[in-house]
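Summary of structural features
Residue-level listing of the chains:
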Amino acid sequence: MTTTATTAASARGLTKVYGEGEARVVALNDVDIDIEQGHFTAIMGPSGSGKSTLMHCLAGLDSVTEGTVTVGDVDLTTLKDKELTALRRDQIGFVFQSFNLIPTLNAEENITLPLDIAGTKPDKQWLDTVIDTVGLRSRLDHKPSELSGGQQQRVACARAMASRPAIIFADEPTGNLDSRSGAEVLGFLRRSVDDYGQTIVMVTHDPNAASYAQRVVFLADGRIVDEMRDPTAERVLDRMKRFDIEGKPVADPEA
Amino acid sequence: MLRAALRNLFAHKLRLGLTALSIVLAVAFVAGTYIFTDSLRASLDTLIQQNQPDVTVQPTAADFTSDFQGGGQTPTVPTDLGDQIRQLPGVTSVIPQIQVTNVVVLDGQGKPLGAEAGGFGSGTVIGQTWTPPEVNPSEIIDGRAPSAADEIALDTGTVDQLGVVVGDAVTILLPSGDRQEFALTGTTRLRGSGFGVGFATWDFDTAQELFLKPGQATSLAVLAQPSVSQGAVRDEIVPLLPPGAQAITGDEQASQVSEQLDSGLGFLNTFLLVFAIVSVFVAAFLIYNTFSMLVAQRTRELALLRAIGASRSQVLRSILAEAAAVAVLASLIGIGVGAGIARGLQALFQAAGAPFPSGQLVFEPRTIVVALVVGLFITLVSALMPARRASVIPPVAAMRDETPASRALGRRTMVGGFLFGAGLGLAVMSPRLAESDTMQGALMAGVAAGAVLIGVLALAPELARPATAVIGTLFRGISGRLARGNTRRNPRRTAATAGALTIGVCLMSVISVLAASTQKSVAGIVDDVIGADFVVTGYGFQPFPGKVGEAIRDTAGVAEVAVVRQAPMRAPGTGDTLVTGVDPVAIQRALSLTVTAGSLDDLADGDTALDSDTAAQIGAGVGTTVQVLSLAGPVDLAVVALYEPAGGLTGYITDLPTAQRLGTSDEDSVVYVVKDPAVPADVVEAAIATAVEPFPNVQVLDQSAFKSSISDQIGQLLNFLFALLVLAVLIALLGIVNTLALSVFERTREIGLLRAVGMWRGGIRRTIVIEAFIIAVFGAVLGMVVGVAFGALLQRILASQGIEEFAVNVPQLALFLVLAAVGGVVAALWPAWRGSRLRILTAIATE
C-alpha cells in the first residue's frame, strides 16, 4: 500500500477484549491498519463494530489487549500513563462528538488549551491562520455557552490543529450538528488536509460525512472488512448496504 | 414515590455519606452538650444525695464563703455545741467535721504539685477530716484511714500525680507557711464519681491542730434516729445555736445545692449550646449546598419522573422524604458521636483546670428527642429550597443534556444588601446606647453583627467573582485559570461553601480581637496603675502566708511592701464579694489609684473606701455609712473615699486592722514591692527570690512578667473558646470536601476531556486543590473582615468595662488564614485524588 515514510500511525495484530468469562467481548480482532500521513481517513461501521474502540486505541486513550500501536515511530503499548498523556498533548488532536470544550474557558483559551497545559507558547502566526480558517475571529472571547453547536465544533477543530499535531482524531464530529453546520466543519477538516497536509482520522456512521475523506475503512465485528478510495456518499451507502448483507449474513438488512 | 426516594438514597452511597456526615457532626455537638451536662449533673446528684447527715450545723457565714476559695479566716462552730446536741432526744450521734481550702501538696522537689503545668490552683487540695461512712462522701480505695497525728490519706488522683504508694512520706505546705511531713496511710475517692478534686484527709484531732483552734470545727454532722424527722431534729437544735451558727436539714441542703447546680449547669449548658448552634448553622449551609447539587445533578431523573406522570408535589415530597430519611439516620449516628463529643468536652474542661468527672455518660430521652428534632429540622429546612426548585423542573428538561445554569441573584442580593445596611446602622448606633447601658449596647451590637454577617453571607455570591479573581491571581498556568473559572462558574455554590468557613473564622476573629484588646488594656492598666516594681502572688492566685511579706520587708534594697489581704463578705452593691485590707500609705506608693472623692489617707479603723461604680450603684458617697455582713457578723463601715476601680482592686477597701475584724487571716492575696531606686532591679529581685525561697507556693514577678502572667490566663481562656469553635470549622472544611467531591462528579466529562487533550493526573489534582484553596481563603478573609470589625465594635462598647484599648493579634489572624488555606487544601485531597483517577474513556464516552 504505502511506504513506512508516509505512515502517521499504524496498528499490527491489534486485539481488544473487554470483560472476562461469560461477559467477554472481543471489540477488535487482530486488526492491521496504516494511517497515511497527510490523508483524511474515515472509519465506518455499524454500531458495535469496534470503530470507536479502534480510534481510542490508536489515540492512546485505551489500552490494547494484544498487538502494537505506533504513532510516528513510538510504540504506544510500551508507554506509561504520563508518557501517553504527553504524547496525546503534543502529537495528537481530538474532536469529539459533544462536550468538546471547557465551559469556563473562552473560545481562544479553549483553542490554546493543549499548549497551555504543555506550558508552551503558541505559534502566533499559525494560531491566526487556524482561527481565520475556522472563521472564529470575532468570537474569541465568547464562552462555549454563547456559541452555537457548529461554532463549538469549529473551536474544537481549531484546538485540535493549534498544536500542529501529527494526527487528529475526530469521533463523530458532526453527530450533533445540523447538515449545514456539519458541512462547514467537514469542509474545514478537509481543507486542513488539502492546504496544510494535516493527517485526520474520523470515525463516523454517516456516509455523507465519510465522502469528505480520501479513504474509507469499513469495520464489522472487530475486523476490517473493506476499504474504499475517493468515496462519494452514494458509493459508501451502497457499500454499507452490501456489506451489511455480506458481512452479517443473519443481520437485519435495515440496520 | 417513597420507594423511589429511598431507593435513590441507597443507590448513591457517597452522596448519602457526605450529606449525612454534616448532619451527624451538627447533631453530635448538640447531643454531646446535653450528654455532657446531664452526666455532670448525674455525678453531682449521686454525690449530693448519698451520705448526707440529717442535720448539719454550720457557720452562717458559710452562705457567702462557698464561692471563694481561700482568703480569710475559716468560719467555725464550737465543738462543745456538739456535746449539747448529742444530749437531745432523737439524736444518735454528732460528728464534728473540718474542711479547709488552701492546703498545698508538695512534690519531690518541694514545689507545689503540678505548678509547672500552670493549672488553676496548682497543688492546692481541700483539707478535711475522716468521718464515719454515714456522713462521708469519700471511701478508702487502698490502705486505711489516717488515725494518728503523723498520718494522712490523699485522693487517688493526687497520689498518682505524686507517684507515691501507701507507706510513703508526703510533704504538705500548711496555710501558716510551715511544711510538715506525713505518712500516707491510704488513698481515697469520692463515691460514685471520678471528680478531679483533690483531698487531703486527717483524723479530726490532727486537722484541728493544723488548721483551727481547740474546740473548733467547721461543721457538725448530726445523725438522728430513723423515727425522728429531719425537721424535728433541726427544730430541737435551733434554740441551742450561738449567734453565727445555723442548722440545715439534709433535705434543705440537698435542695439548696441542687438549685445552685441547676443554675450553674443551666448556664454551662446554654454556653455550650451557643457553640453547638454555631455548628448547626454551619452544617445547615453544608446540607443546603449538598441538596442543591444533588437536585441539579438529578434534573434529568426528576424530569423523567415528571414526564411519566409524577406531580410537582410528589417530586417535592420525594426529595423531602429523602432528606428526612437521611436526617433520621444521621441524627441517630450523631447521638452516638455526641457521646464522643461529651468525652471531648470533659477532657477539654479538665485540661482547662475544671475538676469535672469522667464518670458514666447519661443519655436522657430528652437528648435523643432534641437531637432528632434538630437533625430533622435543619435538614428539612435546608432541603426545602432545593426541593422546591426541583419540583418546578419541566418534564422537557429530561430531554436536554445540560447542567442548569446558575440563576439570577437579584432578590437574594437585595435582602443581603438590606441586612448588611441595617446591621451597619445598628452597629454605628450601638456604642452610643452602650454609654448609658453596656448590656443593651452589647446586645444591639450582637444583633448588628448577626445582621451584617447574614447580609455578607447573602451577598457572598456577588463578592465571589471579584474575590476569587483576586485570590486566583496567585496561581499562574492553566490549572490556576481552570480553578478560578470553576470557583466562578456557580458563585452561589462557592459562596455557600466558603460561607460555612466564614462563620467559624468570623467568631474566632471576634474572640481573638477581644482577647488581644483585653491583653493590651490589662497591660496598659498595669503600666498606669502598678507603681510597684514587683508583684508577689500565689500559684493559681491562691493566698499565701503572711510570713512572705515579712521576709520581703527585711530584704535589702526593698523600700516599701504593700500587702493585700482579703476575706469573704456580703455587701450592698457587690453581693458576695471580698473585702480588701491594705495599708493606706503603702498601697498608695505601690499603686497609682485615682481617688475621686475624699482621701485614702483618711482611711482609719472602721472606715472604707469604695469604688465609684459601686458607690453610684448604691447611692453612697463620702460620709455615708454602709452595713456589710462579714465573717464576724454585721459591721458598719463609714465611707471616707471613692476611687476608680483599677488593677483588680474594686469594691470595699479598709485598713488592715479593720479587715482583720472583718475576717481576714494572716494570709496575703498579693504583695506589692517597691524597691529602693538606688539598687539595681536584678539585685533586688534576686534578694527577694532568696527571701521567699522557703515558700514554694509564691512567685515573684516583675512588671513585664506580671503582665504576661495575666496575658497567659487570657490566652488559656482563648484557647478554650477556640477549641469549642473547632467543630464548626471542621464542618466547614467538610463542606469543601463535599462540594468538591460532587463538583468532580459533575465535571466528569470535563476532566475526561482535559485528560484526553493532555493534562496529567497531577494537573487535574492541582486544579482541584487550587479551587479549594481559593474557596477557603475567600471564606476565611470574609469572616476575618467581619470578625475584626465586630471585635472592634465590641471593644468600643466594653471600653467602660476596662477594655479601653483596641489591639489586633496579627500573627494569630495570619495563622487562622494559613490554617484555613491548609485546611482547604487538605479537604481537597480526596476529591482531587478521585478526580485524577477518573477513567478517560468513561468520562468522554458519548451516551
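Residues numbered from 1 in each chain as written. Chains lettered and ligands numbered in written order. Predicted model: local features only at pLDDT ≥ 70, side-chain atom pairs only at ≥ 80, totals over all residues.

1. Some details on the overall build of chain B
Going by this rule: For helices the rule is a DSSP run of H or I covering at least 4 residues; for strands it is a run of E covering at least 2, with both sets numbered from the N terminus onward. Note on burial: count the other C-beta atoms lying within 10 Å of the residue's C-beta; 20 or more is buried, 12 or fewer is exposed, in between is partly exposed, and C-beta positions come from the backbone.
Looking only at helices and strands, chain B has 25 helices and 25 strands in total. With the C-alpha coordinates aligned to their principal axes, the bounding extent of chain B is approximately 95 × 70 × 50 Å. Each of the 847 residues in chain B was classed as buried or not, and the buried ones make up 48%.

2. Here's the deal with the domain arrangement of chain B
Residues and elements named next belong to chain B. Worth spelling out the cut-off: What counts as a domain boundary in this text is fixed by an automatic or database domain assignment. This entry defines residue contacts through backbone-placed C-beta atoms, with two residues in contact when those atoms are within 7 Å. Throughout, the ten residues Ala, Val, Leu, Ile, Met, Phe, Trp, Tyr, Cys and Pro are labelled nonpolar, Asp, Glu, Lys and Arg are labelled charged, and all others, Gly among them, are labelled polar.
One can read the domain layout of chain B as domain 1 (50-260), domain 2 (462-529 + 704-847) and domain 3 (543-696). The interface is formed by 21 residues belonging to domain 1 together with 18 residues belonging to domain 3. Residue assignment for the side of domain 1 that touches domain 3 shows that the elements contributing at least two residues are α3 (62-65) and β4 (99-106). Counted by class, the side of domain 1 that touches domain 3 contains nine nonpolar, ten polar and two charged residues.

3. Considerations on the interface of chain A and chain B
Each partner contributes residues to the interface: chain A has 23 residues there, and chain B has 19 residues. Among the secondary structure elements, those contributing two or more residues to the side of chain A that touches chain B are α2 (81-91) and α4 (113-118) of chain A. Across the side of chain A that touches chain B, the residue classes break down as eleven nonpolar, seven polar and five charged.

4. Some details on the sheet that holds strand β6 (residues 92-95) of chain A
Residue and element names in this part refer to chain A. Under the convention used in this document: Being paired, for any two strands, means DSSP has found at least two bridges between them. To get an axis, a line is fitted to the C-alpha atoms, and for a helix only the part in contact is used. The angle between two axes follows their N-to-C directions and goes from 0 to 180 degrees.
Reading across the sheet, the six strands line up as β6-β7-β8-β3-β9-β10 and stay open at both edges, with mixed pairing between neighbours. Lying at the two open borders of the sheet, with one neighbouring strand each, are β6 and β10 (223-229). Between one strand axis and the next, the sheet turns by 20 degrees as a mean value, whatever way the strands run. Inspection of the sheet shows β6 paired to strand β7 (residues 167-171) by four bridges, in the parallel sense. The residue of β7 that forms the bridge with Phe94 is Phe169. The strands touched by helix α7 (residues 179-196) within the sheet are β3 (40-44), β7 and β8 (200-204), with β3 carrying the most contacts at an inclination of about 135 degrees.

5. Some points on the packing of helix α8 (residues 250-297) of chain B against helix α11 (residues 365-391) of chain B
Residue and element names in this part refer to chain B. To keep things clear, this is the line we draw: Crossing chirality is assigned from the near helix's rotation relative to the far helix, an anticlockwise turn below a right angle marking it left-handed and a clockwise turn marking it right-handed.
Between α8 and α11, the least distance of the axes is 8 Å, while the angle of their chain directions is 35 degrees. With respect to the hand of their crossing, α8 and α11 are arranged in right-handed fashion. Note on element contacts: α11 touches α8 through Val374, Ile378, Thr379, Val381, Ser382, Ala383, Met385, Pro386, Arg389 and Ala390, opposite Val280, Ala283, Ala284, Ile287, Tyr288, Phe291, Ser292 and Val295. Considering only residue class, the contact of α8 with α11 consists of 14 nonpolar, three polar and one charged.

6. Concerning the sheet that holds strand β12 (residues 219-224) of chain B
Residue and element names in this part refer to chain B. The four strands are arranged β3-β12-β1-β13 in an open sheet whose pairing can be described as antiparallel. At either end of the open sheet lies a strand with only one pairing partner, and these are β3 (91-97) and β13 (245-249). The mean inter-strand angle of the sheet, taken between neighbouring strand axes irrespective of direction, is 20 degrees. Direction of pairing for strand β1 (residues 55-59) relative to β13: antiparallel, over a ladder of five bridges. Note on β13: the bridge partner recorded for Thr56 is Ile248. This element, α8, spans β1 and β13 of the sheet and lies at about 90 degrees to β13.

7. Concerning helix α13 (residues 438-472) of chain B
To be explicit about the condition: To estimate how far a helix should reach, multiply one less than its number of residues by 1.5 Å. In this analysis the local bend is the angle between axes fitted, respectively, to the seven residues ending at and the seven residues starting at the residue.
Compared with an ideal rise of 1.5 Å per residue, which puts 35 residues at 51 Å, α13 of chain B spans 43 Å between its outermost C-alpha atoms and falls more than 12% short. Along α13 of chain B, the helix axis deviates most sharply at Ala460 of chain B, where the bend reaches about 55 degrees; the proline Pro461 of chain B sits within four residues downstream.

8. Some remarks on the pairing of strand β14 (residues 534-538) of chain B
Residues and elements named next belong to chain B. Where burial is concerned, most of β14 is hidden: five out of the five residues are buried. Side-chain alternation along β14 places Phe534, Val536 and Gly538 on one buried face and Val535 and Thr537 on a second face that is also buried. In this sheet, strand β24 (residues 670-675) lies alongside β14 in antiparallel orientation, the contact comprising four bridges. Looking across to β24, one finds that Val535 is bridged to Tyr672. Taken together, the five bridges between β14 and strand β25 (residues 698-702) define a ladder with antiparallel strand orientation. Looking at the pairing, Val535 lines up with Leu701 of β25.

9. With respect to the pairing of strand β8 (residues 169-173) of chain B
Residues and elements named next belong to chain B. Both β4 and β8 contribute to a ladder of three bridges, which runs antiparallel. Bridging across to β8, Val105 finds its partner in Ile172. In terms of strand pairing, β8 meets strand β9 (residues 179-190) through five bridges, oriented antiparallel. Directly across from Val170, in β9, lies its bridge partner Phe182.

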